[in-house]
Amino acid sequence: MRQAGAYSGILSGGGISGRTGPHLLPLARIKKIMKKSSVDVKMISGEAPLVFSKACELFIEELTKRSWNMTIQGKRRTVHKEDVASAVVTTDVFDFLIDLVHPNASDHPSLNEEYMDKKQ
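What counts as what
- Residues numbered from 1 in each chain as written.
- Predicted model: local features only at pLDDT ≥ 70, side-chain atom pairs only at ≥ 80, totals over all residues.
- Heavy atoms only, no water.
- UniProt positions renumbered as here; feature names shortened; annotations may be inferred.
- Helix = DSSP H or I, 4+ residues; strand = E, 2+ residues; numbered from the N terminus.
- Buried < 20%, exposed > 50% of the residue type's maximum accessible area, 1.4 Å probe, protein only.
- Contact = heavy atoms within 4.5 Å.
- Areas by Shrake-Rupley, 256 points an atom, 1.4 Å probe, with all protein chains shown as cover.
- Axes fitted to C-alpha atoms, helices over the stretch in contact; angles between N-to-C directions.
- Parallel < 35°, antiparallel > 145°, perpendicular 65-115°, else oblique.
- Left-handed = near helix turned anticlockwise from the far one by under 90°.
- Nonpolar A, V, L, I, M, F, W, Y, C, P; charged D, E, K, R; others polar.
- Core = buried A, V, L, I, M, F, W, Y, C linked by side-chain atoms within 4.5 Å.

Taking an unreviewed UniProt entry as the reference, the protein chain is identified by name as Histone-fold belonging to Cynara cardunculus var. scolymus. Database annotation for the protein chain, UniProt heading Sequence similarities (unreviewed entry): "Belongs to the NFYC/HAP5 subunit family."

As structure tokens, this is what we get:
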């Protein structure tokens, strides 16, 4: 018999009380982004935006924690965009964001060296 997964409480709305439910991000906006992602996406189940919402929350938490570590290393108490960029550059899983935090990465030799060193 299949056991309940990690998201079963989230999808059923259990475990978290309140008017807004278990999600912190607007589900209508998530659904809109999902539909705009491809012309082939026509129908989206009610549960899919809930799972995306939780995934986004976890992503934001992880990127924030890593950015905060960069802030602490810089002996500051406020997270700056440079801290987020450093967290992205130093974490392999965030490689897909490098062009976002450094749009002209090819114009930054130090960034290219750090990125290439990380890849090796």
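Having put the structure on the table, let's press on.
## Observations regarding the overall build of the protein chain
On a plain count of helices and strands, the protein chain comes out with six helices and zero strands. Starting at the N terminus and ending at the C terminus, the protein chain contains elements arranged as α-α-α-α-α-α. Within the protein chain, the fraction of its 120 residues that count as buried is 22%. Looking at the protein chain alone, contacts between residues at least 24 apart form 38% of all its contacts between residues at least 6 apart. Accessible surface, the protein chain as shown: approximately 9100 Å² in total, 58% of it carbon and sulfur.

## Notes on the packing of helix α3 (residues 47-73) against helix α4 (residues 81-90)
Helix packing geometry: the angle between the two helix axes and the distance between the axes. As a packed pair, α3 and α4 sit with axes 8 Å apart at the nearest point and diverge in direction by 110°. Considering their axes alone, α3 and α4 lie roughly perpendicular with respect to each other. Crossing of α3 over α4 shows right-handed handedness. Counting all contacts with α3, which are made through Leu63, Arg66, Ser67, Met70 and Thr71, the residues of α4 involved are Asp83, Val84, Ser86, Ala87, Val88 and Thr90. Considering only residue class, the contact of α3 with α4 consists of five nonpolar, four polar and two charged.

## Things to note about the nonpolar core
Counting residues in hydrophobic clusters, the biggest one holds eight residues: Leu63, Met70, Ala87, Val88, Val89, Phe94, Leu97 and Ile98. Mapped onto this core, the elements with two or more residues apiece are α3 and α4. It is α4 that contributes the most residues to this core, three residues altogether.

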